[in-house]
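This is what each chain is made of:
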Amino acid sequence: QKMGRWSFWAHGLGVIGIVLVLFYIIYNHLYEYHYAWSHASRALPVKYIISAFWEGQEGSFLLWTFWHFVIGLVLMYSTRYWESPVMAVISLAQVALSSMLLGVYVFGYKVGSSPFILLREAMQAPIFANPNYLEFITDGNGLNPLLQNPWMVIHPPVLFLGFASVIVPFAFAIAGLVKGEYKNWMTPALPWALFAVMILGTGIMMGAAWAYESLNFGGYWAWDPVENASLIPWLTLIGAIHVMHAFKKTGNSLPTTFILVIVSFVLILYATFLTRSGILGESSVHSFTDLGMSGQLLVFLFAFIILGVGLLVYRWKQLPRSEKDENTYSREFWLFMGTLILSLSAFQVLISTSIPVINKILGTNMAPPADPIAHYNRWQLPMAVLIMALTTLGQYLKYKKSDSRAFYKALIVPTVVAGVLTIASMIPLKIFAWPYVMLLFASWFSLSGNFEVLRKQFGKLSSAGAAVAHIGFALMMVGVLISSANKQVVSLNQSGLSFGENFDAKQNAENVLLWKNEPTVMNDYRVTYLGDSIAEPNHYYKVFYERLDAEGNPNYSFTLYPNAQINPKMGLIANPDTKHYLLHDLYTHVTQVIDKEAYKDRPKWQEAKKINLKGKGDTLMLAENLVILEGMSMQLSPEMAEKVKGAEVAVAAKLRVKTVRGTHLLEPVYAIQNGAEFRYDASSEEAGLKVSLMKIDPKTETVEFSVAEANPGPKEYIIMKAIKFPFINVLWLGTVVLVLGFSMAIMDRYREAKRLEAREEIPA
């Protein structure tokens, strides 16, 4: 055991050393290393240099390994009785994760991918034949524009802490099977399971917040396969927590508990395979590319499947079971039903997400859902209704057996309150489709029922974590339902213009064209595009909103700055900007902007034209200018006199140019020096005019000029979309309340474990 502790410490210090060295390489732009060149650039601020650390596969594996080390330290010094088997499982995972960073070849097979591989080793190019090749590599490839968001500084560490935490209940379950102690392992495992669910759920919702603020699909959840890969183990682990509670109280559902705890960790590993093997490359925009480690990831996955399933099968007959069937009017029965629905929900998401894997194994050619949101909602919405209802029903029942009459009587108040709230909210929110009405009722039912439970537990709030968590989840469902089902596109295209082949009919109808400085009425707003500014690598587009009253007069104004990067590889990468109100958000993003680069090589001046003016006062009308000849003079301005110094003859034409923007004076000069003719142009950027004095005919008193008008610059515009999300803050509030409920439950279970240890009912 002492050797194990010292070895784990040595391993952990090695991990910390790798973290510090890799960050030093990225922060100091040492582009001889492929990882730094691939993910960083000199334009990135420090916060996005941090994001660049875990953008790549190697950095994210390193982050996961680091969190396992931290968790292992806590367990090593807090769980002495279970230390050896638990730490053996965590150390085995560290072996697997560390192997992902080796980047060595064993018998011709590549094991892992090193973050320290040199650029010249990773890429084959003639430049590397030059020993001074680094002189030509002045900057890195940079961070993906979509990841340049503050959420991406904290979302990955939290999410990977969630991934890492799921191993702890798995390790305790393995320890219980190894020691043949099928009940006691749950007491220390339960706070960790709650912690894992809380952190993983927080990471998932941080990802949703990132999608809401950074992606332009107009929402926070798109049922993307990578999103689903994190959601699936979260659902099964929640189910495991509920049956763990049931077993601790009644002795029922022990096999189900073991199965769900093991499956949850296996699904974390399966999610890793899905997102890192490249198999989701065509169905997800978030997945990593294949680094040639698919086989290694499968070995990692099957090693823990064999460990968990093998031990469970070996001990299956020894697992204690209740001889009595669960009573219908018992809490454990409905906890089991809720767990079953959660598992079915996870299974449906798992099967649909795994279509590329199924195709690979079976050689089939099934297509992923064409409309993922409609596909998943069709299945998940009824399950959400049942789960919402069960979060209340279980709270009103006792373990083993309850009085049915008292049960139904207790449900009267939350049912009536939910009915009233449903009717009161569905009409103003225009929610009339029956599936959404049922979910709305179930959510209000869960809210009212759990508030009643919380009221009754007011004197002992320390044990009210479940009710608070259920309230948080119900608030989230209300927020999801109202903000998604009732979101309103504000930017309706009333002009009849078609924006081109890149816009389908729906997109064409939901975007507006804004010319620079030309106000456009959009729903209850008058919107003006005021121009753009650049803070590399982002272009910010200034959009001025004026809210109009019933008479059409502005009574409130604000400015939004949606930004975009015009990326050579990815095209226009837009990031929205949002005006937050208490009861709704106004979300704005650009979908198309003028390509100023297309005008970069355009000639500044149009082809020159020859014109004649006769004497003082003669005029010429051009497209945007009125040119008046005020006379000829040999008295030159100091600037022109300096230019023609030494000329035998120098004559200037005095021209007054009038434009809508003002009046400008031009003085083209004709000179003769050493018998040669010289012409000195006069131009005005403001007037958009360049004039040369070509010749003077004294007989006809005619002056010939060469006049070139400036090529007109691009007429600036943006095409943008604006969406109103009602009550979106209810979703974020529900997330906070959910985390609070889990935190309360963790502390309650931790205190319970300490009490049992003190009474020597479980080993310390």
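Rules used in this analysis
Residues numbered from 1 in each chain as written. Predicted model: local features only at pLDDT ≥ 70, side-chain atom pairs only at ≥ 80, totals over all residues. Heavy atoms only, no water. Helix = DSSP H or I, 4+ residues; strand = E, 2+ residues; numbered from the N terminus. Rg over C-alpha atoms; globule rule 2.2 N^0.38 Å. Buried < 20%, exposed > 50% of the residue type's maximum accessible area, 1.4 Å probe, protein only. Contact = heavy atoms within 4.5 Å. Areas by Shrake-Rupley, 256 points an atom, 1.4 Å probe, with all protein chains shown as cover. Lys, Arg positive; Asp, Glu negative; His and termini not counted. Charge placed at Lys NZ, Arg CZ, Asp CG, Glu CD. Core = buried A, V, L, I, M, F, W, Y, C linked by side-chain atoms within 4.5 Å. Axes fitted to C-alpha atoms, helices over the stretch in contact; angles between N-to-C directions. Parallel < 35°, antiparallel > 145°, perpendicular 65-115°, else oblique. Left-handed = near helix turned anticlockwise from the far one by under 90°. Nonpolar A, V, L, I, M, F, W, Y, C, P; charged D, E, K, R; others polar. Patch = residues over 30% accessible without salt bridge, like charges linked within 9 Å, V, L, I, M, F, W, Y side chains within 5 Å. Salt bridge = Lys/Arg side-chain N within 4 Å of Asp/Glu carboxyl O. Pairing = 2+ DSSP bridges.

## A short note on the overall build of the protein
- Per the secondary structure count, the protein includes 21 helices and 23 strands.
- At 35 Å, the protein has a C-alpha radius of gyration far larger than the 27 Å of a compact globule built from 764 residues.
- Across its three principal axes, the protein shows a C-alpha extent of roughly 125 × 70 × 50 Å.
- Looking at the protein as a whole, 52% of its 764 residues qualify as buried.
- The contacts of the protein with a sequence gap of at least 6 include a subset with a gap of at least 24, amounting to 67%.
- Of the roughly 36,800 Å² of accessible surface on the protein, 61% is carried by carbon and sulfur atoms.
- With 62 positive and 57 negative side-chain charges, the protein shows a spacing of 11 Å between the two charge centroids.

## Some points on the environment of serine 448
- Tracing the backbone through its elements, the reader meets serine 448 in helix 17 (residues 434–456).
- Distance in space between the C-alpha atoms of serine 448 and alanine 753 is 31 Å, their sequence separation being 305 residues.
- When near neighbours in sequence (up to four residues on either side) are disregarded, serine 448 contacts Pro414, Val417 and Ala418.

## Focus on the nonpolar core
- Ranked by size, the top nonpolar core spans 173 residues in total, and within it Ile26, Trp64, Leu75, Phe172, Trp185, Trp234 and Phe258 carry the most contacts.
- At 18 residues, helix 9 (residues 186–214) tops the list of elements feeding residues into this core.
- Excluding its chain neighbours within four sequence positions, the residues that come into contact with isoleucine 26 are Tyr35, Ala36, Ala40, Ile49, Ala52 and Phe53.
- The next biggest cluster of nonpolar side chains, apart from the first, holds 20 residues, and it includes Met522, Val543, Tyr545 and Ala564.

## Quick look at the packing of helix 11 (residues 254–276) against helix 13 (residues 331–353)
- Look at helix 11 against helix 13: their axes get within 13 Å of each other, and the N-to-C directions meet at 20 degrees. Between helix 11 and helix 13, the crossing angle belongs to the class labelled roughly parallel. Considering how the two elements wind past one another, helix 11 and helix 13 form a crossing that is left-handed. Mapping the contact onto sequence places Thr256, Leu260, Leu267, Tyr270 and Leu274 in helix 11 and Phe336, Thr339, Ser343, Leu350 and Thr353 in helix 13.
- In terms of residue class, the contact of helix 11 with helix 13 is built from 6 nonpolar, 4 polar and no charged.

## Here's the deal with the environment of lysine 604
- Along the polypeptide, lysine 604 turns up in the loop between strand 12 (584–593) and strand 13 (609–614).
- Ignoring any residue separated from it by four or fewer positions in sequence, one finds lysine 604 in contact with Glu685, Ala710 and Asn711.

## Points about helix 3 (residues 46–53)
- Taken together, the buried positions of helix 3 are Tyr48, Ile49, Ser51, Ala52 and Phe53.
- Each element contacted by the buried residues of helix 3 is listed here: helix 1 (2–27), helix 2 (34–39), helix 4 (57–76) and helix 7 (151–165).

## A closer look at a nonpolar patch on the surface
- A cluster of nonpolar side chains, namely Leu102, Val104, Val106 and Phe107, defines an oily patch on the protein surface of about 430 Å² accessible area.
- Checked against the element boundaries, valine 106 lands in strand 1 (residues 104–106).

## Re the side chain of histidine 155
- Relative to the helices and strands, histidine 155 resides in helix 7.
- Here histidine 155 falls in the buried class, since its relative accessible area comes to 10%.
- With sequence-adjacent residues up to four places away left out, histidine 155 is seen in contact with Gly203, Met206 and Gly207.

## Details of unusual backbone geometry
- Its identity as a non-glycine residue notwithstanding, phenylalanine 107 has a phi of 50 degrees, on the positive side.
- Assignment of secondary structure puts phenylalanine 107 in the loop between strand 1 and strand 2 (109–111).
- The class of phenylalanine 107 is exposed, set by a relative accessible area of 86%.

## Let's talk about the pairing of strand 18 (residues 669–673)
- Judged from the 4 bridges that link them, strand 16 (residues 649–659) and strand 18 form a sheet pairing that is antiparallel. The partner of alanine 652 across the bridge, within strand 18, is valine 669.
- The pairing of strand 18 with strand 19 (residues 676–680) spans 5 bridges and is antiparallel. Pairing of glutamine 673 across the sheet is with alanine 676, part of strand 19.
- Linkage of strand 18 to strand 19, two consecutive antiparallel strands, is achieved through a turn of 2 residues, within which asparagine 674 is found at a positive phi near 55 degrees.

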